[in-house]
Amino acid sequence: MVIDRNIGPREQMIIVDGQIPMHLRLIDNEKFTISVLDDEVSIQQLFDAMMDVMRRANEWLSSAER
């Protein structure tokens, strides 16, 4: 069984046959993580990576304008 999307701690979700099902999309607002098919990443790490990509893109655009 796969649950499409949920917000909240995984441990407080629906239990099926004694197990917590896989989540397609899960935002854990207590651990500040996002999971896609149970592959979990910290929201802060995700934000930091996006900011790094933006910084690098801006640097590249600035150098391309010269």
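See the structure above.
Residues numbered from 1 in each chain as written. Predicted model: local features only at pLDDT ≥ 70, side-chain atom pairs only at ≥ 80, totals over all residues. Heavy atoms only, no water.

**Let's talk about helix 1 (residues 43–64)**
Compared with the 32 Å implied by 1.5 Å per residue over 22 residues, the 31 Å span of helix 1 between its first and last C-alpha is a close match. For helix 1, the N-terminal capping position is held by Ser42, with its side-chain oxygen 3.2 Å away from the main-chain nitrogen of Gln44. (Helix = DSSP H or I, 4+ residues; strand = E, 2+ residues; numbered from the N terminus. Expected span 1.5 Å × (residues − 1). Polar contact = N/O pair within 3.5 Å; in protein donor to acceptor, adjacent residues only side chain to side chain.)

**Some details on the pattern of salt bridges**
This structure, assessed with the given rule, holds six salt bridges. The partner of Arg25 in a salt bridge is Asp4, and the shortest N-O contact between them spans 2.8 Å. Highlighted residues: Arg25 in strand 2 (residues 22–28) and Asp4 in strand 1 (residues 2–7), separated in sequence by 21 residues. Taking relative accessible area as the criterion, Arg25 reaches 39% and is therefore assigned partly exposed. Asp52 is paired through a salt bridge with Arg55; the nearest N and O atoms lie 2.6 Å apart. Of this pair, Asp52 and Arg55 both sit in helix 1, separated by three residues, roughly a single helical turn. What you see here is one network of salt bridges that share partners, running through Asp52, Arg55, Arg56 and Glu59. (Salt bridge = Lys/Arg side-chain N within 4 Å of Asp/Glu carboxyl O. Buried < 20%, exposed > 50% of the residue type's maximum accessible area, 1.4 Å probe, protein only.)

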